[in-house]
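Report on the structure
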Amino acid sequence: MLKKKFRLQTNSSFRATYFQNKVAADEFFVLYAGKTKENITDNTRAGFVVSKKVDKRSTVRNKIKRRLREAYFEYMKQNEIKYMSLIFIAKEKAKEASYFDTLKSVNKLIAKIANKFI
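As the structure is a prediction and not an experimental result, all values here were calculated from the model.

Topic: the pairing of strand E4 (residues 85–90)
- Counting buried positions along E4 gives five out of six residues, so the element sits mostly inside the fold.
- Summarising the sheet, strand E2 (residues 29–33) and E4 pair through five bridges and their orientation is antiparallel. Its bridge partner being in E4, Tyr32 is matched across the sheet by Ile87.
- Examined bridge by bridge, strand E3 (residues 45–49) and E4 share five bridges and lie parallel to one another. Opposite Ala46, over in E4, you have Leu86 as the bridge partner.
- Taken together, E3, helix H2 (residues 58–78) and E4 constitute a β-α-β crossover, and its handedness is left-handed.

A look at the packing of H2 against helix H3 (residues 99–116)
- The N-to-C vectors of H2 and H3 enclose an angle of 55°; their axes lie 9 Å apart at closest approach. When the interaxial angle is binned, H2 and H3 end up oblique. H2 and H3 meet at a crossing whose hand is right-handed. Contact residues: H2 offers Arg67, Leu68, Glu70, Ala71, Tyr72, Glu74 and Tyr75, while H3 offers Tyr99, Thr102, Leu103, Val106, Asn107 and Ile110.

Here we look at the environment of Thr10
- With respect to the element layout, Thr10 can be found in the segment before helix H1 (11–19).
- A distance of 3.2 Å separates the side chain of Thr10 from the side chain of Ser12, its partner in a polar contact.
- A polar side-chain atom of Thr10 sits 2.7 Å from a polar atom in the side chain of Ser13.

Re the side chain of Thr17
- Along the chain, the position of Thr17 falls in helix H1.
- Residue Thr17 is classed as buried on the basis of its relative accessible area, which comes to 1%.
- Aside from chain neighbours lying at most four places away, what touches Thr17 is Leu8, Tyr32, Ala33, Gly34, Ser85 and Ile87.

Definitions and limits used
Residues numbered from 1 in each chain as written. Predicted model: local features only at pLDDT ≥ 70, side-chain atom pairs only at ≥ 80, totals over all residues. Heavy atoms only, no water. Buried < 20%, exposed > 50% of the residue type's maximum accessible area, 1.4 Å probe, protein only. Helix = DSSP H or I, 4+ residues; strand = E, 2+ residues; numbered from the N terminus. Pairing = 2+ DSSP bridges. Right-handed = clockwise from strand over helix to strand, strands pointing away. Axes fitted to C-alpha atoms, helices over the stretch in contact; angles between N-to-C directions. Parallel < 35°, antiparallel > 145°, perpendicular 65-115°, else oblique. Left-handed = near helix turned anticlockwise from the far one by under 90°. Contact = heavy atoms within 4.5 Å. Polar contact = N/O pair within 3.5 Å; in protein donor to acceptor, adjacent residues only side chain to side chain.

Here you go:
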């Protein structure tokens, strides 16, 4: 599980990230990125959203979030992220995604955001 210092927690944090309009998407997830870091030592915060439109059962939604968090955590261990905040939103097709699909998707979306808004 991500530590508290690495998570987006307040509604205002989510809104500020949405407001930046830095968006990348693929078949499983949508990624919103916030402002770029001014100080490298600042923590990148992440939020994970799976709505009831994806699946009404909370067990399925939580499974998607757990996989997404773990894939993001693996990416964080290997790479430096230059954004202050990230929000991952699951699409309906994320139910069928395996862990490796999720991992590839996270890597692809962060790379796409980095290349798109340099």
